[in-house]
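Listed here are the chains, written in short residue letters.
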Amino acid sequence: MRKWLREANRAVVEGGVPTFSDKLSHKKYYRIDANMLPPALQAITVESHCDEETQNFLRMCLEYGWYDMFATVTAHVLKKFMSVTDTNAFLGRGQMFVFSQMQFRRFLPGSTNFGSLLDIGAGDGEVTLKMSPLFKQVVTTEVATHMCRRLNSKGLNCIQTCSLSQTTFPVPGFDVISCLNVLDRCDTPLKLLDEMKSLLNESGTIVLAVVLPWCPFVENGTQQRKPTQILDIPPGCPCQGVKRMSFEGCVCYFVQRVLEPSGLTVSCVSRVPYLCKGDDYRPYYILDDAIFICHKTINTETG
């Protein structure tokens, strides 16, 4: 994973670590070329930008202290016995940033107070904490035991499960379900989409963050393997031995071949950098994230 992150980061960062202080330098991490999208997707594209919350996260990444050095060295040892996810959770490292609270509000216009949120695969909970002030009730899920402990320690009700359909939740349906950078690490992503739909209120919203180009794998202890369920998406990542597909091309394929056949209608598309606090190699790593705001497709057929 670490090697893959370095290679992926090298593809978007040339000649050193970007500072994000120069507006011209960071626009490429948010830009979507509308001319490469069909009219239907052009109409729902929302352009994001590097705001103050994002800048604060990047500044935090530049603060590399003694514990960070200790955690980096210790992680090398633990990864021989534990998965990357469990290692990061145990050491409290690898903090993630997907979007700010202001950006999240822009993705979900028309309301400032929702009823219930289910955040699937909430990780360390930092992104959940940005969303949680907008909701009356927040529930999270995680597979990793150490991640569950971290979530509960932050006051985020966490249910440890690897199957939503076999889990009892405190509410019958959720107003918003977020699934941020989980589908490409899931063994059965299409099944997960179906499970999310079944837990969503009829007028509810699904918030997806998906790393593109699509390059899935599943953690199996200290090993990584291909998922059981393969999506009908052409390979578009150098890690798959092919030329890198454009971000816009990946968005089109994902909407047309994954989301729409799954009975989901996309109401908003955006692009943000998926940021992860780094290590002794780089202060942070960057991947391209597509944000999809989805709703259940309304069947207009009668009879």
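So, a few notes on the structure that sits alongside this text. (Residues numbered from 1 in each chain as written. Predicted model: local features only at pLDDT ≥ 70, side-chain atom pairs only at ≥ 80, totals over all residues. Heavy atoms only, no water.)

**As for the overall build of the chain**
- Scanning the chain for helices and strands turns up eleven helices and ten strands.
- Counting across all 303 residues of the chain, residues that qualify as buried make up 53%.
- Partitioning the contacts of the chain with sequence separation of at least 6, the portion at a separation of at least 24 is 69%.
- In the structure as shown, the chain presents an accessible area of about 14,500 Å², 53% of it carried by carbon and sulfur atoms. (Helix = DSSP H or I, 4+ residues; strand = E, 2+ residues; numbered from the N terminus. Buried < 20%, exposed > 50% of the residue type's maximum accessible area, 1.4 Å probe, protein only. Contact = heavy atoms within 4.5 Å. Areas by Shrake-Rupley, 256 points an atom, 1.4 Å probe, with all protein chains shown as cover.)

**What about the packing of aromatic side chains?**
- This structure, assessed with the given rule, holds eight aromatic pairs.
- With a centroid separation of 5.7 Å and an interplanar angle of 45°, the aromatic rings of tryptophan 214 and phenylalanine 254 are classed as tilted. Taken together, the residues tryptophan 214 in the loop between β6 (200-211) and β7 (218-220) and phenylalanine 254 in helix α11 (residues 247-259) connect sequence positions 40 residues apart.
- A relative accessible area of 8% means that tryptophan 214 is categorised as buried.
- Taken together through their ring pairs, the aromatic side chains of Phe99, Phe104, Phe107, Phe114 and Phe135 make up a single cluster. (Phe/Tyr/Trp six-rings, centres within 6.5 Å; stacked < 30°, edge-to-face > 60°.)

**Quick word on the pairing of strand β5 (residues 174-180)**
- Judged by how many residues are buried, β5 sits mostly within the fold: six of seven residues are covered.
- Taken together, the four bridges between strand β2 (residues 114-120) and β5 define a ladder with parallel strand orientation. Following the sheet pairing, aspartate 119 is matched in β5 by serine 178.
- Chirality of the crossover, the property in question, places the unit of β5, helix α10 (residues 189-199) and β6 among those that are right-handed. (Pairing = 2+ DSSP bridges. Right-handed = clockwise from strand over helix to strand, strands pointing away.)

**What to know about the nonpolar core**
- In terms of nonpolar packing, the biggest core is built from 44 residues, with Met196, Leu208, Val251, Phe254, Leu259 and Phe292 touching the most fellow members.
- Where this core is concerned, the elements lending two or more residues are β2, β5, α10, β6, α11, β9 (264-277) and β10 (284-296).
- The biggest single contributor to this core is α11, with eight residues.
- Ignoring anything within four residues of it in the chain, the contact list for leucine 208 reads Cys179, Leu180, Leu183, Leu193, Met196, Leu259, Ala290, Ile291, Phe292 and Cys294. (Core = buried A, V, L, I, M, F, W, Y, C linked by side-chain atoms within 4.5 Å.)

**Digging into the pattern of salt bridges**
- Inspection of every chain in the model, using the stated rule, returns eight salt bridges.
- One salt bridge connects lysine 154 with glutamate 126, and the closest N-O pair in it is separated by 2.6 Å. Placement of the pair is lysine 154 in the loop between α9 (145-153) and β4 (157-160) and glutamate 126 in helix α8 (residues 126-131), with a sequence separation of 28 residues.
- Across the pair arginine 271 and aspartate 288 runs a salt bridge, and its minimum N-O distance is 3.2 Å. Linking arginine 271 in strand β9 with aspartate 288 in strand β10, this pair joins segments that are 17 residues apart in sequence.
- For aspartate 288, a relative accessible area of 6% corresponds to the buried category. (Salt bridge = Lys/Arg side-chain N within 4 Å of Asp/Glu carboxyl O.)

**Observations concerning the sheet that holds strand β1 (residues 96-97)**
- With mixed pairing, eight strands are arranged side by side in an open sheet as β1-β9-β10-β6-β5-β2-β3-β4. At either margin of the open sheet sits one strand with a lone partner, and together these are β1 and β4.
- Across the sheet, helix α4 (residues 52-61) touches β1, β9 and β10, and the angle it forms with β9 is around 30°.
- Along the sheet, α10 makes contact with β2, β5, β6, β9 and β10, crossing β6 at roughly 150°. (Axes fitted to C-alpha atoms, helices over the stretch in contact; angles between N-to-C directions.)

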